[in-house]
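Each chain is listed here by its residues.
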Amino acid sequence: MINAPECSVIVITYNDAARLPRAVRSVLDQSLRNLEVIVVDDASTDDTEQVVRELQEGDQRVRYLRMEGNSGGCGAPRNAGVATARAPYAMFLDSDDRLSMHACKSMLLEIERTGADFVTGQITRFYEASRKSNRYYPELFARRRTVEGIAEDPRMFLDSFATNKLYRTELLRRIPFREDMHFEDHVFTAKLYCAARRFAVVPWTVYLWHRARDTGDGRLSISLRFREMHNARQRIRAAHISDEILRERGCGHLVPERQHRFLRQDLRVYLNPLPSRDRAWAAEFVSVVRPYLAGVDPAVFDRIDPVLRVCCTLILDGRVDELIVAARSLNGPRAVPRSAVREGGRTYWGTVPDRRMEITSLRLAELPYTAARLRHEASFTCDGTRLTLSIRTYDPFGVLAANPGWTAFLEFRSHRVRLAPREQPDGSLLSEATVDLAGLRHGRLGFDGRYDPRIAIVRPDGRVTSDLLLVDPAAEPVVAPVPWHTVTVRAEGSAAVLRLCWRREGLLRRVPRLVRARAGLVRRLSTPGLKLRVYKGLIKVVPPRRDLALFESDVGAGYTGSPRYVYEELKRRGAPLRMVWSVAKRRRNFPADAPLVRRMSWRYIWTMARAGYWVDSHGLPLDYPKPPRTRYLQTWHGQGIKSIGFNSPDLRSDFPGPRAQWRAAVARWDALVAPSAEFERIFVPSNEYTGPVLRYGSPRCDVLVHGDLAAVARVKDRLEIPPGRKVLLYAPTYRDQAKCSGQSIRADLEMMAEALAGEWVVVLRPHPVERYRVPQHLRHFVRPAGSYPEINDLMLASDALLTDYSSVMCDYAVTGKPMLFLIDDWDEYRRVERGVYHDLPTIAPGPCLTTTEELVYALRDLDGLAASFTAKYAAFRAMWCADEKGHASARVVDAFFGPVGGRTPERHRPPAARHAVRLAVPGWLR
């Protein structure tokens, strides 16, 4: 190499010849070409040297350094690599891991741009057994930033890796690694953070950490050998030394921050699998870690997860058996305690109130019944095909006593076995059940797969709460030879839940192959292209049936929106139509007597070709032309400030394909429901629509005008909203650049719960494309309603709406109830994200807020705040809701379908206005 390299990547290895080439290639393939790879061989006894020589022959940037004897750790080979590095910047790489393609170049540019002493980037862990990956503490790397010393952001102590960083080489030579211990990177990073005046953080993945399968051959990396007590001793020694380094170098005030890292990360490494260890191992671990915990600042314990704090307390008290029980609540099903006590509005783990054992913040004692938690511990035996379970149930929060008349069942997928629990002297309930596995039916073709049985407690009103069964982690698996199957019953995971694994045997082993062959044949015979060709042929020869109508709402997702209310108006009139509903995958809330057809099935294609009417809220399959004599009513699904049609992000570009496709799809519409003049002004030109407009309001809003007490009662019953609580409907829209990410949930629900849980309940309705799971500790305050079938019910049952840019604001204005707008990303949304037609802060009928603190303050004075927006609310309703009179369904049916069924009441008949004139032209309306 003639020119000095810009970056040295030091790859340390020991007896890892098989994986070493992958690591080295990840460096040689970097977008930064001017670099060197220093392979430091820690005296391997396998073919490592030969492998490196071959790599050197292929690329002169590879250098080889062999240690005289094995050091037993990572410190000595890293120091040796640093000593020979020729570049001004250096990185470390372990031989079983990889660098991302742009790691070196991107971090080199960042260190030069910022003048930082080092740059640290995201680690992604890749689990080789499952082929899944996740990011290590992504909140640390959420944004690109420069940190002026560790005191500015002590959370970064969680990032104690040496491998995800680019360093100035001269800095590495001033703070060498310890060579006499394991977990030397913890000690090294403590020195590093003390020495660095500035460091940079980048949000992209720079290091791919491979988590290998545990094959039992002793080849796991040091960090994964947490079954060994020596490993725990070394990690605790590293923690002691790291704390002392901070104190010695004038950073003693940061020791609690580093101790917080130990509790949150290092201790969990051993506590998570603790239930699967024997008692002797657990007792020794307690004796090893207890002295370190005794020196931890007591305030640090208040910052950690409550169950982890319980475990720390049990370690400090030397209560080994209770620790093993509590550790099963750290992960997996996060089982509740065997016992708990409430005093003064607070909840404590165990039988006596102890401040150190407080778990109030988990809100386990305040959950609605369907989310309530019990603990079920079971033992199992198997005799032939008969599985016998002995189940002990603990009810620490008095759920069963508060709900008399319950019945208990053991559930195996769709099979239920009734239990007869008996109360025991310790307050627990004991049940026995014997199940003949041969009697569990999983279809005529058998079953390959696994599932975890559950205990379901059914209340007299039909509500169910259920939990998994915990079993002894050391329990040996049992195998049952069920006819045509082998069933393995075993403990699964560190928390050890009961799992049944089914495997087809005999002739049934061929079923998966046959099923795959059949599925392949179906796919070949059901390609989108073939279906479209068949459809185009059908509409040329098959005349539409004037008595057949196809209805679809939200791309088949449910029975909702304006199509629903048009359908119900036709049903009310007894219209002589066969009305078929399109449904995607799973049926949701459809009337029992409604004919259904699976969207995009062959039957759906046939129905589209035959139907004389199409009624839809989003867009029937875009490439499918409308049959010549079929009439298409487009009701659309909302109105508001967001850009739409050819102005929306997916169509505003100049690419002709999508724009031409949408233009042809819009040309199919024979009539468009327009809720307001403002909608017509914006929507019609934005979609280049030129057909008739039915401006009688929205059929979906009729019920909002008239109200529905049954819907209100239905919501409060189904969502288990306590009497006397006010309901805040939180319905944000998605972000185009972050779909399915959960980022649209921008309110701090935890802060809201702390401030408002005694007075309000939040009903969370994310956009259908969003993915967000409400944490269990917020279920006492937040009711997830993403799967609730009808948003109108939620609007009617709520006392106020919280939204951002969602079109729900225009429908909600019909109710006249208060609205609040959380728009902390307003500038980004209107300029970079979706784009808007209106300045929301100017026209909003409620306060536009940017923080959760402002939101809490607003909700505490909602009546006064609403009164101050009376004029703006009236103007907003005049803009969007002036045509909402409560009779849109009837008027739309009159205009589109004509005089079907019974005579329309006089008050429902459309006025002889310009809309009627416009609609009198097409012959199909006469």
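This section reports on the structure supplied with the text. What you see is a predicted model; the values in this text were computed from it and never measured.

Conventions adopted
In this convention, every chain numbers its residues from 1, walking through the sequence in written order. Note on the predicted model: pLDDT of at least 70 is required for a residue's local features to be given, and 80 or more for side-chain atom pairs to be given and counted; whole-chain, interface and lining totals, by contrast, use all residues. For the side-chain quantities, the full set of heavy atoms in the structure was used; hydrogens and water were omitted. Detection works on a 1 Å grid of protein atoms alone, calling trapped sets that fit a 1.4 Å probe cavities and calling open sets with protein on both sides within 12 Å along at least five of seven lines pockets, with lining residues defined by an atom within 4 Å of a point. Grid points are joined across faces, edges and corners, and a volume is the space filled by probe spheres set on the points. In DSSP terms, a helix is any run of H or I states spanning at least four residues, a strand is any run of E spanning at least two, and both are numbered starting from the N terminus. By convention in these notes, a salt bridge is any Lys or Arg side-chain nitrogen within 4 Å of a carboxyl oxygen on Asp or Glu. Under the scheme applied here, a residue whose accessible area is under 20% of the maximum for its type counts as buried, over 50% as exposed, and between as partly exposed, the area being computed with a 1.4 Å probe on protein chains only. Joining through side-chain atoms within 4.5 Å is the link that ties buried Ala, Val, Leu, Ile, Met, Phe, Trp, Tyr and Cys residues into a set, and such a set is a nonpolar core. The contact rule is simple, with two residues in contact once any of their heavy atoms fall within 4.5 Å. For helices, the fitted axis covers only the stretch in contact; all axes are lines through C-alpha atoms, and the angles between them, taken along N-to-C directions, range from 0 to 180 degrees. An angle counts as roughly parallel when it lies under 35 degrees, as roughly antiparallel when it exceeds 145, as roughly perpendicular when it falls between 65 and 115, and as oblique in every other case. Residues are sorted three ways: Asp, Glu, Lys and Arg are charged, Ala, Val, Leu, Ile, Met, Phe, Trp, Tyr, Cys and Pro are nonpolar, and all the rest, Gly among them, are polar. For patch detection, residues must exceed 30% relative accessible area and be free of salt bridges, and they are connected within 9 Å for like charges or within 5 Å for nonpolar side chains (Val, Leu, Ile, Met, Phe, Trp, Tyr). Throughout, the Shrake-Rupley method with a 1.4 Å probe supplies accessible areas, and for residues the shown protein chains are the sole cover considered. In this tally Asp and Glu are treated as negative and Lys and Arg as positive; neither His nor the chain ends contributes. Lysine's charge is taken at NZ, arginine's at CZ, aspartate's at CG and glutamate's at CD. Between any two strands, at least two bridges found by DSSP are needed for them to pair. Take the far helix as the reference: if the near one is turned anticlockwise from it by less than a right angle, the crossing is left-handed, and if turned clockwise, right-handed.

## Digging into empty space enclosed by the protein
In this approach the atoms are scanned with a rolling probe the size of a water molecule, which exposes any empty space left behind.
At step 1: Here the structure, examined in full by the defined rule, presents five cavities of 30 Å³ or more.
At step 2: The volume enclosed by the largest cavity comes to roughly 60 Å³.
At step 3: For the lining of the largest cavity, the elements supplying multiple residues, two or more each, are strand E36 (819–822) and helix H28 (862–868).
At step 4: When residues of the lining of the largest cavity are assigned to their parent elements, the largest contribution, three residues, is made by H28.

## Brief notes about the pattern of salt bridges
At step 1: Taken as a whole and judged by the stated rule, the model has 70 salt bridges.
At step 2: Notably, a salt bridge pairs Asp59 with Arg61, separated by 3.0 Å at the nearest N-O pair. Of the two residues, Asp59 and Arg61, both sit in the buried class.
At step 3: Glu170 is paired through a salt bridge with Arg174; the nearest N and O atoms lie 3.4 Å apart. Taken together, the positions of Glu170 and Arg174, both in helix H5 (residues 169–174) and four residues apart, correspond to about one turn of that helix.
At step 4: Judged by its relative accessible area of 44%, Glu170 is partly exposed.
At step 5: Its relative accessible area of 54% is what places Arg174 among the exposed residues.
At step 6: Linked through salt bridges whose partners overlap, the residues forming this network are Asp317, Arg319, Glu322, Asp354 and Arg356.

## Thoughts on the nonpolar core
At step 1: The biggest cluster of nonpolar side chains holds 87 residues, and the ones touching the most others in it are Leu263, Leu267, Leu271, Phe285, Leu293 and Leu410.
At step 2: No other element matches helix H9 (residues 279–294), which puts eight residues into this core.
At step 3: With near-sequence residues (within four places) excluded, Leu267 lies in contact with Phe262, Phe285, Val289, Leu293, Leu308 and Cys312.
At step 4: Core analysis: the second largest hydrophobic core is formed by 75 residues, Val9, Ile111, Phe157 and Ala200 among them.

## Looking at the packing of H9 against helix H12 (residues 320–327)
At step 1: The interhelical angle for the contact between H9 and H12, taken along N-to-C directions, is 100°, at an axis separation of 10 Å. One way to sum up the angle between H9 and H12 is to call them roughly perpendicular. In contact with Arg279, Ala282, Ala283 and Val286 of H9, H12 contributes Val320, Asp321, Leu323 and Ile324.
At step 2: When grouped by side-chain class, the residues that make up the contact of H9 with H12 number six nonpolar, no polar and two charged.

## As for a negative patch on the surface
At step 1: A cluster of acidic residues, Asp748, Glu750, Glu853 and Glu854, forms a negative patch at the surface.
At step 2: Within the fold, Asp748 resides in the loop between strand E32 (726–730) and helix H22 (749–756).

## Notes on the sheet that holds strand E28 (residues 611–616)
At step 1: The seven strands lie next to each other as E27-E26-E25-E28-E29-E30-E31, forming an open sheet whose pairing is parallel. Edge strands, defined here as strands with exactly one partner in the open sheet, are strand E27 (596–598) and strand E31 (693–694).
At step 2: Judged from the two bridges that link them, strand E30 (residues 671–673) and E31 form a sheet pairing that is parallel. Among the inter-strand pairings, Val673 is bridged to a residue of E31, identified as Leu694.
At step 3: Set on the sheet, helix H19 (residues 677–686) makes contact with E30 and E31; between it and E30 the angle comes to about 135°.
At step 4: Strands in contact with helix H30 (residues 888–897) are E28, strand E29 (631–634), E30 and E31; relative to E29, the strand with the most contacts, it is inclined by about 155°.

## Structural notes on the pairing of strand E3 (residues 62–66)
At step 1: Here strand E2 (residues 35–41) runs beside E3; their pairing, made up of five bridges, is parallel. Bridge assignment links Val40 to a residue of E3, and that residue is Leu65.

## Focus: the packing of helix H15 (residues 528–541) against helix H17 (residues 602–610)
At step 1: At a minimum axis distance of 9 Å, the contact between H15 and H17 shows a crossing angle of 30°. As the angle between them shows, H15 and H17 are arranged roughly parallel. In this structure, H15 meets H17 at a crossing whose hand is right-handed. Judged by residue contacts, Leu530, Lys531, Val534, Tyr535, Leu538 and Ile539 of H15 engage Trp602, Ile605, Trp606, Met608 and Ala609 from H17.
At step 2: Its residues assigned to classes, the contact of H15 with H17 shows ten nonpolar, no polar and one charged.

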